[in-house]
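Here is how the chains run, residue by residue.
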Amino acid sequence: MKKILSLVLISALGGIFTLGTYKLFIEKEHPIVVSTQETTPSFFPTNNAANTLYKAYETPDFTLAAKNSINTVVHVKNLTLSTGQLTFEDLFLGRRKQRAQVGTGSGVIISPDGYIITNNHVIDKSQELSVTLNDNKTFTAKIIGADPKTDIALLKIEADKDLPFATFGDSDQAKIGEWVLAVGNPFNLTSTVTAGIISAKSRNLDPTGKNTHSFIQTDAAVNPGNSGGALINTNGELIGINTAISSQTGSYIGYSFAVPSNIARKVVEDIMEYGNVQNGILGITGGTLNSNTAEQIGVEDTQGFYVDSVVEDSGAEKAGLRKGDIIKEIDNVKITKFSDLSGHLNTKRPNDIVNVTLSRDGVLKTVPVKLIRNETFVLPLVGQVKNLKPQDLKKYKIEYGIKISKLDDEYADYWRNNNVKEGTIITAINDKKVKSVDDAQNIIRNQSRSEPLRIELINAEGEKERYNFR
């Protein structure tokens, strides 16, 4: 019995010794470690918080947003009349027949009583417009107004019941990287939904930088026929009107562009309330800063809008802005390029007050500026023109017109040789009366490249003269 107990005790001691040895040596040599610490050298900074924003199993759900937005997007058909290409029959008979052409696009219902927003280029030169809803009902549409500058138009249909409509979202709050849906009718494929992200904001497609466009750029697939359709966020809110694509083939190759909803909404509200678009400006000239321009003008800032001059009697002058100021923010919207500035101002009207944050001699200050109506315009081949004041109308005994305030340097000698000086009154452009610089701007914007420029003015003797430029 004693021998048996001794064997059991020895066995137990041996087991304990073996387990202890395993714990001490073997297990320490091959530990199973679960760690979230980075093993990279310390000179590579880590950001563990960045990995906690999203979880792998979280994906956006577009189904509800898509279901609701499809019923608010319509199919727009534009019937135009065109002479088309010259045929042998035209040459033989000495006449050219007008041929019907049908263009298609999209639109978004924005009120239950049938107001529809779309692109101006979708309805341009239309002889007849029809709108087809998602339930296949078709209506004749009436153009309420349009703004070629922002490429936005407002239509109206008369339905027999309240229609589903899109709710405007705040495009200023849209974030780069945010998921969005593009809803429209590409290639006549009605009620098409594509998804992507916002890849940039305040995008200007004009390489000269002179245009005031400020697009939302996305990688949601958009093709011909999508123009005028909806850009929707995951909450189902309208944050843009799909307008253009960047393509060398005419079809989508990766990027599309939408007019921000804040701009589109302001345009249609102006059309409904005033009959035209009310544009408010600061009253400054200048340009966007970068490394090259900053070096040329001798400033250290490479971001912001550099003020080169201030318009007399403008809100900017009255607020104390001056040459050399660098605008950094407007209403807390960061200004890094001209399209940031123009995009925000396109949502404002004359007499609105904006808070301008500027840098002057390295010191930041914020001042309120009252926006003014645009009073000047650069007329091609002529120069800068401005609106007439009441005393001008009385002096020249006229009822309308605009004044040449500065002749174009390139054509100044031509005009002076014809006794046309600064202060001369222009009364018509392309046979259309001109009552303001807005009229002049709209006439030039709608002029085809092949159309000659015709200018009617009053000379120093009070006589009307006409000039034709081809």
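Residues numbered from 1 in each chain as written. Predicted model: local features only at pLDDT ≥ 70, side-chain atom pairs only at ≥ 80, totals over all residues. Heavy atoms only, no water.

1. Looking at the overall build of the protein
Alright, step 1. Of the regular secondary structure elements, the protein holds 11 helices and 28 strands.
Alright, step 2. By residue count, 40% of the 470 residues in the protein fall in the buried class.
Alright, step 3. Across the protein, the fraction of contacts at a sequence separation of at least 24, relative to all contacts at a separation of at least 6, is 57%.
Alright, step 4. If you sum the accessible surface of the protein, you get close to 27,600 Å²; carbon and sulfur atoms cover 51% of it. (Helix = DSSP H or I, 4+ residues; strand = E, 2+ residues; numbered from the N terminus. Buried < 20%, exposed > 50% of the residue type's maximum accessible area, 1.4 Å probe, protein only. Contact = heavy atoms within 4.5 Å. Areas by Shrake-Rupley, 256 points an atom, 1.4 Å probe, with all protein chains shown as cover.)

2. With respect to the sheet that holds strand β13 (residues 255-260)
Alright, step 1. With antiparallel pairing, the six strands of this closed barrel are ordered in space as β8-β9-β10-β13-β12-β11. In this sheet, adjacent strand axes meet at a mean angle of 45° when their direction is disregarded.
Alright, step 2. Of the pairings in the sheet, the one linking strand β8 (residues 179-184) to strand β11 (residues 230-233) comprises four bridges and is antiparallel in character. Counterpart to Leu-181 in the pairing with β11 is Ile-232. (Pairing = 2+ DSSP bridges. Axes fitted to C-alpha atoms, helices over the stretch in contact; angles between N-to-C directions.)

3. Focus: the confidence of the model for the protein
Alright, step 1. For the protein, per-residue confidence averages 84 on the pLDDT scale, and residues scoring 70 or more make up 82% of the total.
Alright, step 2. By mean pLDDT, the top-scoring element of the protein is strand β3 (residues 115-119) (98), and the lowest-scoring one is helix α1 (residues 2-29) (46).
Alright, step 3. A low-confidence stretch, residues 1-5 (pLDDT under 50), is modelled with zero contacts involving residues beyond four sequence positions or located in other chains.
Alright, step 4. pLDDT under 50 marks residues 46-54. Its contacts with residues more than four places away, or in other chains, come to four contacts. (pLDDT = per-residue confidence, 0-100.)

4. Observations regarding the nonpolar core
Alright, step 1. Of all hydrophobic cores here, the largest spans 28 residues; its most connected members are Ile-117, Ile-152 and Leu-238.
Alright, step 2. Going through the elements one at a time, α2 (63-70), β3, β7 (152-156), β8, β11, β12 (238-246), β13 and α5 (261-274) are the ones with two or more residues in this core.
Alright, step 3. The element that contributes the greatest number of residues to this core is α5, accounting for five residues.
Alright, step 4. The contact partners of Leu-238, leaving out residues within four places of it in the chain, are Val-108, Ala-166, Thr-167, Phe-168, Gly-169, Ala-230, Leu-231, Ile-232 and Ser-261. (Core = buried A, V, L, I, M, F, W, Y, C linked by side-chain atoms within 4.5 Å.)

5. Quick notes on α5
Alright, step 1. Over its 14 residues, α5 runs 19 Å from end to end, which matches the ideal 20 Å to within 8%, given 1.5 Å per residue.
Alright, step 2. Along α5, the residues classified as buried are Ser-261, Asn-262, Ile-263, Ala-264, Lys-266, Val-267, Val-268, Asp-270 and Ile-271.
Alright, step 3. Turning to α5, the residues buried within the fold contact β3, β6 (142-147), β7, β12, β13 and α8 (338-345). (Expected span 1.5 Å × (residues − 1).)

6. With respect to the pairing of strand β20 (residues 363-370)
Alright, step 1. Bridge count between strand β19 (residues 353-360) and β20: eight bridges; the pairing is antiparallel. When the bridges of β20 are listed, Arg-360 appears paired with Val-363.
Alright, step 2. Hairpin geometry of β19 and β20 is characterised by an intervening segment of two residues between the two adjacent antiparallel strands and by a positive phi of about 55° at Asp-361.

7. Concerning the packing of aromatic side chains
Alright, step 1. Per the stated rule, a full pass over the model turns up eight aromatic pairs.
Alright, step 2. Seen in terms of ring centroids, Tyr-414 and Phe-469 are 6.0 Å apart; in terms of plane orientation they differ by 70°. Their pairing is edge-to-face. Of this pair, Tyr-414 sits in helix α10 (residues 412-417) while Phe-469 sits in strand β28 (residues 464-469), and the two are 55 residues apart along the sequence.
Alright, step 3. Looking at Phe-469, the relative accessible area reads 18%, which means it is buried. (Phe/Tyr/Trp six-rings, centres within 6.5 Å; stacked < 30°, edge-to-face > 60°.)

8. Considering the side chain of Asn-233
Alright, step 1. Take Asn-233: it is sitting in strand β11.
Alright, step 2. Given a relative accessible area of 6%, Asn-233 falls into the buried group.
Alright, step 3. For Asn-233, the side chain forms a polar contact with the main-chain nitrogen of Glu-237, separated by 2.8 Å.
Alright, step 4. Asn-233 has contacts with Ala-65, Glu-178, Trp-179 and Ile-239, leaving out every residue within four places of it along the chain. (Polar contact = N/O pair within 3.5 Å; in protein donor to acceptor, adjacent residues only side chain to side chain.)

9. Considering helix α11 (residues 437-445)
Alright, step 1. Considered for burial, the residues of α11 that qualify are Val-437, Ala-440, Ile-443 and Ile-444. End-on view of α11: buried residues confined to an arc of 125°, all on one side of the axis.
Alright, step 2. Close packing links the buried residues of α11 with β22 (376-379), β23 (383-387), β24 (402-407), β25 (425-429), β26 (432-433) and β27 (453-458). (Arc of directions from axis to C-beta.)

10. Remarks on the environment of Pro-260
Alright, step 1. Counting through the fold element by element, Pro-260 comes out in strand β13.
Alright, step 2. Counting along the chain gives 46 residues from Pro-260 to Ser-214, while the straight-line C-alpha distance between them is 7.6 Å.
Alright, step 3. Those residues in contact with Pro-260 that sit more than four places away from it in its chain are Ser-171, Ser-214, Phe-215, Ile-216, Ile-239 and Gly-240.

11. Quick notes on the environment of Lys-432
Alright, step 1. Within the element layout of this structure, Lys-432 appears in strand β26.
Alright, step 2. Along the primary structure Lys-432 and Arg-454 are separated by 22 residues, whereas in three dimensions their C-alpha atoms are 9.5 Å apart.

12. Thoughts on the pattern of salt bridges
Alright, step 1. On inspection of all chains with the given rule, the structure shows 16 salt bridges.
Alright, step 2. Note that Lys-403 is salt-bridged to Asp-392, the shortest N-O span being 3.2 Å. Placement of the pair is Lys-403 in strand β24 and Asp-392 in helix α9 (residues 390-396), with a sequence separation of 11 residues.
Alright, step 3. On the accessibility criterion, Asp-392 (10% relative accessible area) is buried.
Alright, step 4. For Arg-466, the salt bridge identified is with Glu-456, shortest N-O distance 2.8 Å. Here Glu-456 lies in strand β27 and Arg-466 lies in strand β28, a separation of 10 residues in the sequence.
Alright, step 5. The buried category is assigned to Glu-456, whose relative accessible area is 11%. (Salt bridge = Lys/Arg side-chain N within 4 Å of Asp/Glu carboxyl O.)

13. Looking at the side chain of Arg-349
Alright, step 1. Tracing the sequence through the fold places Arg-349 in the loop between α8 and β19.
Alright, step 2. A distance of 2.4 Å separates the side chain of Arg-349 from the side chain of Asp-270, its partner in a polar contact.
Alright, step 3. Apart from the residues within four sequence positions on either side, Arg-349 is in contact with Lys-266, Glu-269, Asp-270, Tyr-274, Gln-278, Gly-280 and Leu-371.

14. A look at the environment of Lys-125
Alright, step 1. Note that Lys-125 resides in the loop between α4 (120-123) and β4 (128-132).
Alright, step 2. In this structure the C-alpha to C-alpha distance between Lys-125 and Leu-79, which are 46 residues apart in sequence, comes to 8.6 Å.

15. Description of unusual backbone geometry
Alright, step 1. Residue Ser-202 is not a glycine yet carries a positive backbone phi of 55°.
Alright, step 2. By the element assignment, Ser-202 lies in strand β9 (residues 192-203).
Alright, step 3. The phi dihedral of Asn-332 is positive, around 70°, even though this residue is not glycine.
Alright, step 4. Here Asn-332 shows up in the loop between β17 (326-330) and β18 (333-334).

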